[in-house]
Amino acid sequence: DTAVSQTPKYLVTQMGNDKSIKCEQNLGHDTMYWYKQDSKKFLKIMFSYNNKELIINETVPNRFSPKSPDKAHLNLHINSLELGDSAVYFCASSQSSGYTFGSGTRLTVV
Amino acid sequence: AQTVTQSQPEMSVQEAETVTLSCTYDTSENNYYLFWYKQPPSRQMILVIRQEAYKQQNATENRFSVNFQKAAKSFSLKISDSQLGDTAMYFCAFMRFDYKLSFGAGTTVTVRA
């Protein structure tokens, strides 16, 4: 199917662990993103890559590191997880006129 | 920085009736896109409707239409003939030239049978 797919859908982990979320799009879009949706449902951009190059890096702790091996993939690695990192993380891609979102990864840090 | 304001945290509407969600935004740019996204309990983000700022004509998608007032920086969404499946959180969003999408805080819409 044509889509933005991210894995895993759910992730439960202990404080201090390191985890990764993977994202892939087969839409041929040049730009990919990570957004965080907090417990109050507020959505905020974290990172944006255009053709493997970082173009937007919002104020995010450096424990979060995105990696784009090619323009179809954008992974998010999180070191030393904290309770406050619990949220839903959305991957998305875009061309000129809109976004397509993945189905989200619910991360719970215990 | 762009800010998007949705002043209605919650709205309730009877099935088959009409509901209008408000959205205002702040920008100094002249060219941009505006969107409404729907997020049902499944948490999937679904594009409802899109408006290009350079187009004066209001966008329409079936039962969904917008009232875009560029000078007033207002972008409201009207849902006509509301259906139970419209129950969701609705986000207004602004996209600028670098494709950064800024969201409002969302409005929870409940359609009552």
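The structure we're discussing is the one just above.
Not measured: the values here are computed from a predicted model.

Reading the values: the criteria
- For every chain, the first residue of its written sequence is number 1, and the numbers climb from 1 along that sequence.
- Labels are handed out in written order, letters beginning with A for the chains and numbers beginning with 1 for the ligands.
- Totals for whole chains, interfaces and linings use all residues, but because this is a predicted model, local features are given only for residues with pLDDT of at least 70 and pairs of side-chain atoms are given and counted only at 80 or more.
- As a rule here, side-chain values cover all heavy atoms of the structure and leave hydrogens and water aside.
- Strand pairing is assigned whenever DSSP identifies at least 2 bridges connecting the two strands.
- Helix numbering and strand numbering both begin at the N terminus, where a helix is a DSSP run of H or I of at least 4 residues and a strand a DSSP run of E of at least 2.
- Angles here are taken between N-to-C directions and fall from 0 to 180 degrees, while the axes themselves are lines fitted to C-alpha atoms, restricted in helices to the stretch in contact.
- A contact between two residues is defined here by any heavy atoms of the two lying within 4.5 Å.
- Defined in terms of a 1.4 Å probe, buried area is the accessible area two parts forfeit on being brought together, summed over both.
- Definition used for salt bridges: Asp or Glu carboxyl oxygen within 4 Å of a side-chain nitrogen of Lys or Arg.
- Contacts described as polar in this section are N or O atom pairs within 3.5 Å, which, within protein, must combine one atom able to donate a hydrogen with one able to accept it, while residues neighboring in sequence count only if both atoms come from side chains.
- Here, nonpolar core refers to any group of buried Ala, Val, Leu, Ile, Met, Phe, Trp, Tyr and Cys residues whose side-chain atoms link them within 4.5 Å.
- Note on exposure labels: buried denotes an accessible area under 20% of the residue type's maximum, exposed denotes more than 50%, and partly exposed covers the range between, all computed with a 1.4 Å probe on protein chains only.
- Only a pair of cysteine sulfur atoms within 2.5 Å qualifies as a disulfide here.

Draft legend 1. Representation of the sheet that holds strand β1 (residues 4-7) of chain A within the structure. All names here are of chain A. Spatially, 4 strands are ordered β1-β3-β8-β7 in an open sheet, and the strand pairing comes out antiparallel. Either end of the sheet is taken by a strand with one partner, and the two such strands are β1 and β7 (64-70). The sheet shows a mean angle of 20 degrees between the axes of neighbouring strands, direction not considered. As judged from the 5 bridges shared by β7 and strand β8 (residues 73-78), these two strands associate in the antiparallel manner. By the bridge assignment for β8, P66 is matched with L76.

Draft legend 2. Region of interest: the interface of chain A and chain B. Each partner contributes residues to the interface: chain A has 26 residues there, and chain B has 18 residues. Of the roughly 1,800 Å² buried at the junction of chain A and chain B (both faces included), carbon and sulfur atoms supply 55%. Counting the contacts that link chain A with chain B gives 1 salt bridge. Where chain A meets chain B, there are 11 residue pairs in polar contact (both at pLDDT 80 or more). Among the elements of the structure, β4 (31-37), β5 (43-50), β9 (87-94), β10 (99-101) and β11 (105-109) of chain A are those that each provide at least two residues to the side of chain A that touches chain B.

Draft legend 3. Inspection of the pattern of salt bridges at higher detail. On inspection of all chains with the given rule, the structure shows 8 salt bridges over all chains. We note a salt bridge from R63 of chain B to D86 of chain B, for which the minimum N-O separation is 2.8 Å. Here R63 of chain B is found in the loop between β7 (60-61) and β8 (64-69), whereas its partner D86 of chain B is found in the loop between β9 (74-79) and β10 (88-95), with 23 residues between them in sequence. Via salt bridges that share partners, K44 and E58 of chain A together with K100 of chain B belong to a single interconnected network.

Draft legend 4. Focus on the nonpolar core. Residues and elements named next belong to chain B. With 25 residues, the main nonpolar core has Y25, W36, F75, L77 and Y90 as its most contacted residues. Put simply, the parts of the chain that give this core at least two residues each are β3 (19-21), β5 (33-39), β6 (46-52), β8, β9, β10 and β12 (107-112). A total of 4 residues in this core trace back to one element, the largest contributor, which is β10.

Draft legend 5. Just the environment of V48 of chain B, in detail. All names here are of chain B. Position of V48 relative to the elements: it lies in strand β6. Classification of V48 as buried rests on a relative accessible area of 13%. C-alpha of V48 to C-alpha of L77: the two residues are 29 residues apart in sequence and 9.6 Å apart in space.

Draft legend 6. Region of the structure containing the state of the cysteines. Residue and element names in this part refer to chain A. All told, the structure shown has 2 disulfides over all chains when counted by the stated rule. Disulfide pairing places C23 opposite C91 at an S-S distance of 1.8 Å. Classification of the bridge connecting C23 and C91 rests on its S-S torsion, roughly -80 degrees, and on that basis the disulfide is left-handed. Of this pair, C23 sits in strand β3 (residues 19-25) while C91 sits in strand β9; the two residues are 68 residues apart in sequence, bridging distant segments of the chain. Since its relative accessible area comes to 0%, C91 is described here as buried.

Draft legend 7. Expanded view of the pairing of strand β6 (residues 53-57) of chain A. Residue and element names in this part refer to chain A. Pairing analysis gives 4 bridges linking β5 to β6, with the strands arranged antiparallel. When the sheet's bridge partners are listed, F47 is paired in β6 with N57. Between β5 and β6, which follow one another and run antiparallel, lie 2 residues, and N51 among them has a positive phi close to 50 degrees.

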